[in-house]
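# Structural overview
Okay, here's what each chain looks like letter by letter:
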Amino acid sequence: MTIYQPVRDEMIRLLSVPRLSTYRVASGGDLKAAVELYQWNLEISASLFAAIHYLEVALPNTVDAALTARHGGAGAWFDVVGVPLSAGARDQVRRAKASASRPGHVVTQGHVVAELSFGFWGSFFAEAYSRTLWRQCLRQAFPRARRGRLHSDLEAIRRVRNRIAHHEPLIGYDLAEEYRRVLRTAEQIDMRLAWWIDATSAVGQVLDRRPA
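Okay, the packing of helix α3 (residues 31–71) against helix α10 (residues 191–200) next. Between α3 and α10, whose axes approach to 9 Å, the crossing angle comes to 155°. What the angle tells us is that α3 and α10 run roughly antiparallel. As for the relative orientation of α3 and α10, their crossing is right-handed in sense. When α3 is examined against α10, the residues Ala51, Tyr54, Leu55 and Ala58 are found in contact with a partner set consisting of Leu193, Trp196, Ile197 and Thr200. In terms of residue class, the contact of α3 with α10 is made up of seven nonpolar, one polar and no charged.

Structure representation (structure tokens):
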């Protein structure tokens, strides 16, 4: 206890009182409990981010494979004029290519795919693509999916993912439901993906030890 007080006070200074304010309110004004809740928020953020990570990799790879099979005969599908991408999507591709460029390196399709955001891939399930890319090939690539539900779930996951990336509190969220959403979305990509996420995830254990 003699060591905890000065260390805690220094951590409060480093983290800033405003950043801790949300946790302090949730802890009834108890500063020690607020620091513990802050630490727990880091743990649940890390475990949930790990689960989302698998979606961030599997979703682009599945969409990329489907679009390549249909439109990639003469090169990368995103370079094919006939692929009905929105102006915003084409702009994101241009920026991804620029970001993937390295002196002395050839920009490959895989480099560009890796540079494109989670939101970019989720946008393919929006209503705007329902009569084009969804009907053409994505419906076959995601046979378990309902397009509208998949899009809304991906948007919700993206928002949580961005909060984690910006070190924002998750304590106001129903995190058990958010984790179920991740698993439900993974099932729409591949049942084995959902199984793997759940088998390797620490989300349940961290949720069980949330500070009172």
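In this structure the tally under the stated criterion is 15 salt bridges. With its nearest N and O atoms 3.2 Å apart, the salt bridge here joins glutamate 56 to arginine 161. Taken together, the residues glutamate 56 in helix α3 and arginine 161 in helix α8 (residues 147–165) connect sequence positions 105 residues apart. Exposure remark for glutamate 56: the relative accessible area of 22% places this residue in the partly exposed category. Between glutamate 178 and arginine 181 there is a salt bridge, with the nearest N and O atoms lying 3.3 Å from each other. Taken together, the residues span about one helical turn, with glutamate 178 and arginine 181 both in helix α9 (residues 175–189) at a distance of three residues. Across the pair, exposure class does not vary: glutamate 178 and arginine 181 are buried alike. Overlapping salt bridges, with partners in common, bring together Arg149, Asp153, Glu177, Glu178, Arg180, Arg181 and Arg184 in one network.

Right, let's get into the packing of aromatic side chains. In total, this model carries 11 aromatic pairs according to the counting rule given. Centre to centre, the rings of phenylalanine 120 and tryptophan 121 are 5.1 Å apart; their planes meet at 90°, and the pair counts as edge-to-face. Each member of the pair, phenylalanine 120 as well as tryptophan 121, carries the same accessibility label: buried. Ring centres 5.4 Å apart and planes at 45° place the aromatic pair phenylalanine 124 and tyrosine 129 in the tilted group. Among the aromatic residues, ring-to-ring pairing joins Trp77, Phe78, Phe120, Trp121, Phe124 and Tyr129 into one connected group.

A few words on the nonpolar core. The nonpolar side chains of a soluble globular protein tend to be buried with one another. Ranked by internal contacts, the top residues of the largest apolar core, which has 57 residues, are Phe124 and Phe142. Considering each element in turn, this core owes the most residues, 14 residues, to α3. If we ignore the near neighbours within four places in the chain, the residues touching phenylalanine 142 are Leu59, Thr62, Val63, Phe125, Trp134, Leu150, Gln188 and Ile189.

Take the environment of threonine 132 next. Its place among the elements puts threonine 132 in the loop between α6 (118–122) and α7 (133–141). Once the C-alpha coordinates of threonine 132 and leucine 85 are considered, the two residues, 47 residues apart in sequence, prove to be 9.5 Å apart.

Time to look at the packing of α3 against α8. Where α3 meets α8, the closest approach of the two axes is 10 Å, and the angle between their N-to-C directions is 130°. One element, α3, and the other, α8, form an angle in the oblique class. Considering how the two elements wind past one another, α3 and α8 form a crossing that is left-handed. Contacts between α3 and α8 involve Ser45, Leu48, Phe49, Ile52, Leu55, Glu56 and Leu59 from the first element and Leu154, Ile157, Val160, Arg161 and Ile164 from the second. Class assignment for the residues of the contact of α3 with α8 results in nine nonpolar, one polar and two charged.

Right, let's get into α10. Within α10, burial applies to Leu193, Ala194 and Ile197. For α10, the arc enclosing every buried residue in end-on projection is 100°, short of the 170-degree limit, so these residues lie on one face. Facing away from the buried side of α10 by more than 90 degrees, the exposed set consists of Arg192 and Trp195. A distance of 2.8 Å separates the backbone nitrogen of arginine 192 from a side-chain oxygen at the start of α10, and that oxygen is part of aspartate 190.

Calculation rules
Residues numbered from 1 in each chain as written. Predicted model: local features only at pLDDT ≥ 70, side-chain atom pairs only at ≥ 80, totals over all residues. Heavy atoms only, no water. Axes fitted to C-alpha atoms, helices over the stretch in contact; angles between N-to-C directions. Helix = DSSP H or I, 4+ residues; strand = E, 2+ residues; numbered from the N terminus. Parallel < 35°, antiparallel > 145°, perpendicular 65-115°, else oblique. Left-handed = near helix turned anticlockwise from the far one by under 90°. Contact = heavy atoms within 4.5 Å. Nonpolar A, V, L, I, M, F, W, Y, C, P; charged D, E, K, R; others polar. Salt bridge = Lys/Arg side-chain N within 4 Å of Asp/Glu carboxyl O. Buried < 20%, exposed > 50% of the residue type's maximum accessible area, 1.4 Å probe, protein only. Phe/Tyr/Trp six-rings, centres within 6.5 Å; stacked < 30°, edge-to-face > 60°. Core = buried A, V, L, I, M, F, W, Y, C linked by side-chain atoms within 4.5 Å. Arc of directions from axis to C-beta. Polar contact = N/O pair within 3.5 Å; in protein donor to acceptor, adjacent residues only side chain to side chain.

By themselves, these are just geometric observations and shouldn't be taken as functional.
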